[in-house]
Amino acid sequence: MLLRINKLFDSIINFMAILGRVVIIIISLLIIVDIVSLKFFSNQFSWILEVSEYLLVFLTFLGVAWLLREDGHIKLDLLLNRLSEKNRTRMEIVNSCIGAIISLIITVYGFLATWNLYMRDIKTETILEIPRSMLIVIIPVSFLFVFVQFIRNILSAINKLKLSSKKS
């Protein structure tokens, strides 16, 4: 059962990363269309810049859980490389605990803020007048996945510590 949940979770994270790649392509195409339209037809689409800005936000949050799972975030390798394997694993546990707590806080308050904006029907003050709740819902959703990934990292590091203790 737990293996199925892990596979499902990994599939969702992979899908979010693929969506992020698609968003990059869409942003690129929108900007190309805007440039070509301005250059050859002296016409600019006023909504393209706005949509590109929103998509950049989505891009950032779509890939964050995948990057955490792939261990791609910035680390202080200079400090970590001086530690023993056990102490490095302990630091990983501490870092993941702090990350999990922060992610959970962002998730809870993000969902509350999203719900608040949705209930009050607040819209952007721009050309498209998109509901703000649609724009920020990606933040708590992605941080929910980041929270779960931090928990997975903690469990993995604890298992690594247990295995190294048995070998000693």
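Conventions and cut-offs
- Residues numbered from 1 in each chain as written.
- Predicted model: local features only at pLDDT ≥ 70, side-chain atom pairs only at ≥ 80, totals over all residues.
- Heavy atoms only, no water.
- Phe/Tyr/Trp six-rings, centres within 6.5 Å; stacked < 30°, edge-to-face > 60°.
- Helix = DSSP H or I, 4+ residues; strand = E, 2+ residues; numbered from the N terminus.
- Buried < 20%, exposed > 50% of the residue type's maximum accessible area, 1.4 Å probe, protein only.
- Lys NZ or Arg CZ within 6 Å of the ring centre and 35° of its normal.
- Axes fitted to C-alpha atoms, helices over the stretch in contact; angles between N-to-C directions.
- Parallel < 35°, antiparallel > 145°, perpendicular 65-115°, else oblique.
- Left-handed = near helix turned anticlockwise from the far one by under 90°.
- Contact = heavy atoms within 4.5 Å.
- Nonpolar A, V, L, I, M, F, W, Y, C, P; charged D, E, K, R; others polar.
- 1 Å grid on protein atoms, 1.4 Å probe; cavity = no way out; pocket = protein on both sides within 12 Å on 5 of 7 lines; lining within 4 Å.
- Points joined across faces, edges and corners; volume = space filled by probe spheres on them.

Colleague: Looking at this structure, I do not really get the packing of aromatic side chains. What am I missing?
Modeller: Geometrically, a pair of aromatic rings is defined through the distance of the ring centres and the angle of the planes. Within the structure shown, the criterion is met by four aromatic pairs. A ring pair is formed by Phe45 and Trp47, whose centres lie 6.0 Å apart and whose planes are at 55°; its orientation type is tilted. Between the aromatic rings of Phe61 and Phe143, the centroid separation amounts to 6.0 Å while the plane-to-plane angle is 55°, which identifies the pairing as tilted. Linking Phe61 in helix α2 (residues 46-69) with Phe143 in helix α6 (residues 138-167), this pair joins segments that are 82 residues apart in sequence. In this pair, the class of Phe61 matches that of Phe143, namely buried. The ring of Trp66 has Arg21 lying over it, and the distance from NZ or CZ to the ring centre is 5.6 Å.

Colleague: Please clarify how the environment of Leu49 should be interpreted in this entry.
Modeller: Here Leu49 is to be found in helix α2. The class for Leu49 is exposed, based on a relative accessible area of 58%. When the C-alpha atoms of Leu49 and Ile122 are compared, they prove to be 21 Å apart, with 73 residues separating the residues in sequence.

Colleague: Help me understand the packing of helix α1 (residues 2-41) against α6, please; the structure alone is not making it clear to me.
Modeller: Packed helix pairs are characterised by how far apart their axes lie and by the angle those axes make with each other. Relative to each other, α1 and α6 sit at 135°, their axes nearing to 12 Å. Put simply, α1 runs oblique to α6. When you trace α1 past α6, the crossing you get is left-handed. On α6, the residues that touch Asn6, Phe9, Asp10, Ile12, Ile13 and Met16 of α1 are Ser142, Phe145, Val148, Gln149 and Arg152. Its residues assigned to classes, the contact of α1 with α6 comprises six nonpolar, three polar and two charged.

Colleague: Just checking my understanding: could you explain the layout of surface pockets for this structure?
Modeller: Empty space among the atoms becomes visible once a probe the size of a water molecule is rolled across them. Volume-wise, the largest pocket comes out at about 700 Å³. Taken together, 26 residues form the lining of the largest pocket, with Leu68, Asp71, Lys75, Glu92 and Asn95 sitting closest to its centre. Counting residues per element, the ones that place at least two in the lining of the largest pocket are α2, α3 (77-80), α4 (85-120) and α6. With eight residues, α4 is the largest single contributor of residues to the lining of the largest pocket. Lining the second largest pocket we find Leu2, Ile5, Asn6, Phe9, Val148, Arg152 and Leu155. Mapped onto the lining of the second largest pocket, the elements with two or more residues apiece are α1 and α6. The greatest single-element share of the lining of the second largest pocket, amounting to four residues, is contributed by α1.

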